[in-house]
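Residue-level listing of the chains:
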Amino acid sequence: MDITIISGKQRKAKCVVLHGDAGVGKTTLASRMGKAIIIPTEDGSDHLDVDRLPLCKSYGAIIESMKWIHEKKKSGEIDHDVVVLDSIDWAENFVETDLQRENFDQSYGKGTIEIGQRMGRLLKGLDLLNELDMKVVVIAHSECKTVEMAEGGSFSRWQPKLSKRSNARLQGWSDGVGFRAGEVKGREEAGGGGGGGGGGGQRRR
(Lines give C-alpha, C1' and ligand atoms only; values in the text may rest on other atoms or scores of the structure.)
Protein backbone atom coordinates (compact mmCIF):
# COMPACT_ATOMS: atom_id res chain seq x y z
CA MET A 1 0.00 0.00 0.00
CA ASP A 2 1.34 3.41 -1.02
CA ILE A 3 1.34 6.01 1.75
CA THR A 4 1.93 9.68 1.04
CA ILE A 5 3.08 12.04 3.76
CA ILE A 6 1.05 15.25 3.91
CA SER A 7 3.00 18.14 5.36
CA GLY A 8 1.97 21.51 6.76
CA LYS A 9 -1.29 22.95 7.97
CA GLN A 10 -4.41 21.66 6.26
CA ARG A 11 -7.20 24.13 5.50
CA LYS A 12 -10.63 22.80 6.40
CA ALA A 13 -13.96 24.52 6.96
CA LYS A 14 -15.03 24.17 10.58
CA CYS A 15 -18.18 22.84 12.21
CA VAL A 16 -19.08 24.93 15.24
CA VAL A 17 -21.87 25.14 17.80
CA LEU A 18 -23.11 28.49 19.04
CA HIS A 19 -25.52 28.53 21.97
CA GLY A 20 -27.05 31.16 24.24
CA ASP A 21 -30.33 32.65 25.42
CA ALA A 22 -32.94 33.94 23.00
CA GLY A 23 -32.25 37.38 21.58
CA VAL A 24 -28.51 37.63 22.28
CA GLY A 25 -27.50 37.67 18.60
CA LYS A 26 -26.54 34.06 17.85
CA THR A 27 -28.06 34.06 14.37
CA THR A 28 -26.73 37.54 13.61
CA LEU A 29 -23.20 36.43 14.50
CA ALA A 30 -23.50 33.24 12.45
CA SER A 31 -24.77 35.15 9.42
CA ARG A 32 -21.62 37.30 9.42
CA MET A 33 -19.19 34.37 9.21
CA GLY A 34 -19.27 34.37 5.42
CA LYS A 35 -21.87 34.14 2.69
CA ALA A 36 -24.47 32.33 4.75
CA ILE A 37 -27.59 30.37 3.98
CA ILE A 38 -29.86 29.52 6.90
CA ILE A 39 -31.92 26.38 7.47
CA PRO A 40 -34.54 27.82 9.84
CA THR A 41 -36.66 25.87 12.29
CA GLU A 42 -37.89 29.07 13.94
CA ASP A 43 -38.42 32.72 13.00
CA GLY A 44 -35.22 34.03 14.54
CA SER A 45 -33.67 35.31 11.29
CA ASP A 46 -36.56 37.28 9.80
CA HIS A 47 -34.95 40.61 10.73
CA LEU A 48 -31.67 39.76 8.96
CA ASP A 49 -30.72 40.50 5.37
CA VAL A 50 -29.52 36.96 4.70
CA ASP A 51 -30.40 34.04 2.43
CA ARG A 52 -32.59 31.37 3.99
CA LEU A 53 -34.69 28.39 2.98
CA PRO A 54 -38.40 28.11 3.82
CA LEU A 55 -39.19 27.51 7.49
CA CYS A 56 -38.74 23.84 8.40
CA LYS A 57 -41.62 22.47 10.45
CA SER A 58 -40.43 18.86 10.68
CA TYR A 59 -37.30 16.74 10.91
CA GLY A 60 -37.91 15.52 7.37
CA ALA A 61 -38.00 19.10 6.08
CA ILE A 62 -34.57 19.76 7.62
CA ILE A 63 -33.13 16.67 5.92
CA GLU A 64 -34.61 17.74 2.58
CA SER A 65 -33.20 21.26 3.02
CA MET A 66 -29.72 19.87 3.60
CA LYS A 67 -30.04 17.65 0.52
CA TRP A 68 -31.12 20.65 -1.57
CA ILE A 69 -28.16 22.75 -0.44
CA HIS A 70 -25.78 19.84 -1.08
CA GLU A 71 -27.11 19.36 -4.61
CA LYS A 72 -26.99 23.07 -5.51
CA LYS A 73 -23.57 23.63 -3.93
CA LYS A 74 -22.07 20.58 -5.65
CA SER A 75 -23.43 21.68 -9.03
CA GLY A 76 -22.15 25.23 -8.55
CA GLU A 77 -25.63 26.77 -8.63
CA ILE A 78 -25.05 28.46 -5.26
CA ASP A 79 -21.82 29.89 -3.88
CA HIS A 80 -22.60 30.12 -0.16
CA ASP A 81 -19.72 29.13 2.10
CA VAL A 82 -21.60 29.00 5.43
CA VAL A 83 -24.66 26.94 6.32
CA VAL A 84 -26.50 27.74 9.55
CA LEU A 85 -28.93 25.35 11.26
CA ASP A 86 -31.17 27.50 13.46
CA SER A 87 -31.81 25.73 15.78
CA ILE A 88 -30.87 22.15 16.66
CA ASP A 89 -32.99 21.99 19.81
CA TRP A 90 -36.07 22.58 17.65
CA ALA A 91 -34.82 19.76 15.41
CA GLU A 92 -34.74 17.44 18.42
CA ASN A 93 -38.27 18.53 19.33
CA PHE A 94 -39.36 17.53 15.83
CA VAL A 95 -37.82 14.07 16.31
CA GLU A 96 -39.66 13.61 19.61
CA THR A 97 -42.93 14.61 17.91
CA ASP A 98 -42.27 12.12 15.10
CA LEU A 99 -41.77 9.27 17.58
CA GLN A 100 -45.08 10.08 19.27
CA ARG A 101 -46.90 10.26 15.94
CA GLU A 102 -45.35 6.95 14.84
CA ASN A 103 -46.34 5.30 18.14
CA PHE A 104 -42.69 4.33 18.48
CA ASP A 105 -42.00 1.93 21.36
CA GLN A 106 -40.01 4.11 23.76
CA SER A 107 -39.82 1.62 26.61
CA TYR A 108 -36.49 0.61 28.18
CA GLY A 109 -34.71 3.63 26.71
CA LYS A 110 -35.52 2.72 23.10
CA GLY A 111 -36.87 6.20 22.44
CA THR A 112 -33.71 7.86 23.74
CA ILE A 113 -31.58 5.64 21.53
CA GLU A 114 -33.73 6.37 18.47
CA ILE A 115 -33.59 10.12 19.06
CA GLY A 116 -29.80 9.88 19.26
CA GLN A 117 -29.65 7.91 16.01
CA ARG A 118 -31.86 10.35 14.11
CA MET A 119 -29.90 13.32 15.41
CA GLY A 120 -26.77 11.50 14.31
CA ARG A 121 -28.16 11.27 10.78
CA LEU A 122 -28.80 15.01 10.86
CA LEU A 123 -25.18 15.67 11.82
CA LYS A 124 -24.05 13.33 9.05
CA GLY A 125 -26.00 15.48 6.59
CA LEU A 126 -24.17 18.55 7.88
CA ASP A 127 -20.88 16.67 7.47
CA LEU A 128 -21.67 16.20 3.79
CA LEU A 129 -22.07 19.96 3.41
CA ASN A 130 -18.82 20.52 5.30
CA GLU A 131 -17.07 18.21 2.83
CA LEU A 132 -18.05 20.72 0.13
CA ASP A 133 -15.92 23.29 2.00
CA MET A 134 -18.87 24.91 3.74
CA LYS A 135 -18.49 26.13 7.29
CA VAL A 136 -21.29 24.67 9.41
CA VAL A 137 -22.78 26.68 12.29
CA VAL A 138 -25.28 24.90 14.53
CA ILE A 139 -27.29 27.23 16.75
CA ALA A 140 -28.89 26.11 20.02
CA HIS A 141 -30.67 27.69 22.93
CA SER A 142 -28.99 27.35 26.31
CA GLU A 143 -29.95 25.98 29.68
CA CYS A 144 -28.12 26.15 33.00
CA LYS A 145 -27.31 22.77 34.54
CA THR A 146 -25.94 21.99 37.98
CA VAL A 147 -22.97 19.63 37.85
CA GLU A 148 -22.18 17.55 40.93
CA MET A 149 -18.47 16.89 41.43
CA ALA A 150 -17.23 13.49 42.59
CA GLU A 151 -15.10 15.06 45.30
CA GLY A 152 -18.05 17.03 46.60
CA GLY A 153 -19.59 20.36 45.81
CA SER A 154 -21.20 21.49 42.59
CA PHE A 155 -21.12 24.21 39.96
CA SER A 156 -23.45 25.62 37.32
CA ARG A 157 -22.73 25.25 33.61
CA TRP A 158 -24.45 26.67 30.53
CA GLN A 159 -24.94 24.11 27.78
CA PRO A 160 -27.08 23.52 24.67
CA LYS A 161 -30.70 22.75 25.53
CA LEU A 162 -30.69 19.15 24.35
CA SER A 163 -31.09 15.69 25.78
CA LYS A 164 -27.97 14.29 27.42
CA ARG A 165 -27.27 11.88 24.57
CA SER A 166 -27.81 14.44 21.80
CA ASN A 167 -25.73 17.05 23.63
CA ALA A 168 -22.79 14.67 24.01
CA ARG A 169 -23.02 13.66 20.35
CA LEU A 170 -23.20 17.30 19.19
CA GLN A 171 -20.22 18.45 21.24
CA GLY A 172 -18.17 15.44 20.17
CA TRP A 173 -19.01 16.18 16.52
CA SER A 174 -18.15 19.90 16.55
CA ASP A 175 -14.76 21.53 16.12
CA GLY A 176 -15.66 24.14 18.72
CA VAL A 177 -18.48 25.28 21.00
CA GLY A 178 -19.20 28.95 21.69
CA PHE A 179 -21.49 30.53 24.27
CA ARG A 180 -23.12 33.83 23.38
CA ALA A 181 -23.85 35.63 26.65
CA GLY A 182 -26.38 38.40 27.15
CA GLU A 183 -25.42 41.77 28.53
CA VAL A 184 -24.60 41.71 32.25
CA LYS A 185 -24.76 44.96 34.20
CA GLY A 186 -24.40 45.84 37.83
CA ARG A 187 -27.54 46.86 39.67
CA GLU A 188 -27.83 48.63 42.99
CA GLU A 189 -30.79 47.52 45.08
CA ALA A 190 -33.17 50.17 46.32
CA GLY A 191 -32.25 51.06 49.89
CA GLY A 192 -28.97 49.20 49.55
CA GLY A 193 -25.84 49.81 51.53
CA GLY A 194 -26.95 48.48 54.88
CA GLY A 195 -26.23 45.10 56.32
CA GLY A 196 -29.79 43.93 56.04
CA GLY A 197 -29.52 42.43 52.58
CA GLY A 198 -29.43 45.58 50.52
CA GLY A 199 -26.04 45.16 48.81
CA GLY A 200 -25.30 45.35 45.10
CA GLY A 201 -26.10 42.55 42.72
CA GLN A 202 -26.16 41.52 39.07
CA ARG A 203 -28.88 40.54 36.71
CA ARG A 204 -28.63 38.96 33.32
CA ARG A 205 -30.54 40.57 30.47
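Source: prediction; values computed, not measured.

Draft legend 1. Main features of the overall build of the protein chain. When helices and strands are counted, the protein chain shows five helices and nine strands. Order of helices (α) and strands (β) in the protein chain, N terminus to C terminus: β-α-β-β-α-β-α-α-β-β-α-β-β-β. Counting over 205 residues, the protein chain shows a buried share of 40%. A separation of at least 24 residues holds for 61% of the contacts in the protein chain among residues at least 6 apart in sequence. As presented, the protein chain carries roughly 12,300 Å² of accessible surface, and 48% of it is formed by carbon and sulfur atoms.

Draft legend 2. The arrangement of the nonpolar core in detail. Counting 32 residues, the largest nonpolar core has Ile62, Ile69, Ile88, Leu122, Leu126 and Trp173 as the members making the most contacts within it. Looking at this core, the elements that each hand over two or more residues are β1 (15-20), β2 (36-40), α2 (59-75), β4 (82-86), α3 (88-101), α4 (110-130), β5 (135-148) and α5 (164-173). A total of six residues in this core trace back to one element, the largest contributor, which is α4. Residues in contact with Ile62, not counting those within four places in the same chain, are Ile39, Thr41, Cys56, Leu85, Ala91, Phe94 and Leu122. Ranked by size, the runner-up nonpolar core spans ten residues in total, among them Ala36, Ile38, Val50 and Val82.

Draft legend 3. Summary view of the pairing of β5. Note that β1 and β5 share six bridges and pair parallel. Note that in β5 the partner of Gly20 across the bridge is His141. When β4 meets β5, the two strands line up parallel, connected through five bridges. Bridged to Val83 within β5 is Val136. Looking at chain direction, β5 and strand β6 (residues 154-160) are connected through seven bridges and run antiparallel. Looking at the pairing, Val147 lines up with Phe155 of β6. Where β5 folds back on β6, the antiparallel hairpin that results is connected by five residues, among which Gly152 adopts a positive phi of roughly 105 degrees.

Draft legend 4. Representation of the packing of α2 against α4 in the model. Look at α2 against α4: their axes get within 9 Å of each other, and the N-to-C directions meet at 15 degrees. Overall, the two elements α2 and α4 adopt an arrangement that is roughly parallel. Along this stretch, α2 crosses α4, giving a crossing that reads as left-handed. Note on element contacts: α4 touches α2 through Arg118, Arg121, Leu122, Gly125, Leu126, Leu128 and Leu129, opposite Tyr59, Ile62, Ile63, Met66, Ile69 and His70. Taken together, the residues of the contact of α2 with α4 sort by class into nine nonpolar, two polar and two charged.

Draft legend 5. Structural view of the pattern of salt bridges. Within this structure, the stated rule accounts for eight salt bridges. Residue Lys110 pairs with Asp105 through a salt bridge whose shortest N-O separation is 3.0 Å. Given the relative accessible area of 38%, Lys110 is considered partly exposed. What you see here is one network of salt bridges that share partners, running through Glu102, Glu114, Arg118 and Arg121.

Draft legend 6. The arrangement of the side chain of Ser31 in detail. Of note, Ser31 is situated in helix α1 (residues 26-31). One polar contact links the side chain of Ser31 to the main-chain carbonyl oxygen of Thr28, over a distance of 2.7 Å. The contact partners of Ser31, leaving out residues within four places of it in the chain, are Ala36, Leu48 and Val50.

Draft legend 7. Inspection of the environment of Ser163 at higher detail. You can see Ser163 is positioned in the loop between β6 and α5. The exposure class assigned to Ser163 is partly exposed, which follows from its relative accessible area of 27%. Between the C-alpha atom of Ser163 and that of Asp89, which follows or precedes it by 74 residues, the distance is 8.9 Å. A distance of 3.1 Å separates the side chain of Ser163 from the side chain of Ser166, its partner in a polar contact.

Calculation criteria
- Residues numbered from 1 in each chain as written.
- Predicted model: local features only at pLDDT ≥ 70, side-chain atom pairs only at ≥ 80, totals over all residues.
- Heavy atoms only, no water.
- Helix = DSSP H or I, 4+ residues; strand = E, 2+ residues; numbered from the N terminus.
- Buried < 20%, exposed > 50% of the residue type's maximum accessible area, 1.4 Å probe, protein only.
- Contact = heavy atoms within 4.5 Å.
- Areas by Shrake-Rupley, 256 points an atom, 1.4 Å probe, with all protein chains shown as cover.
- Core = buried A, V, L, I, M, F, W, Y, C linked by side-chain atoms within 4.5 Å.
- Pairing = 2+ DSSP bridges.
- Axes fitted to C-alpha atoms, helices over the stretch in contact; angles between N-to-C directions.
- Parallel < 35°, antiparallel > 145°, perpendicular 65-115°, else oblique.
- Left-handed = near helix turned anticlockwise from the far one by under 90°.
- Nonpolar A, V, L, I, M, F, W, Y, C, P; charged D, E, K, R; others polar.
- Salt bridge = Lys/Arg side-chain N within 4 Å of Asp/Glu carboxyl O.
- Polar contact = N/O pair within 3.5 Å; in protein donor to acceptor, adjacent residues only side chain to side chain.

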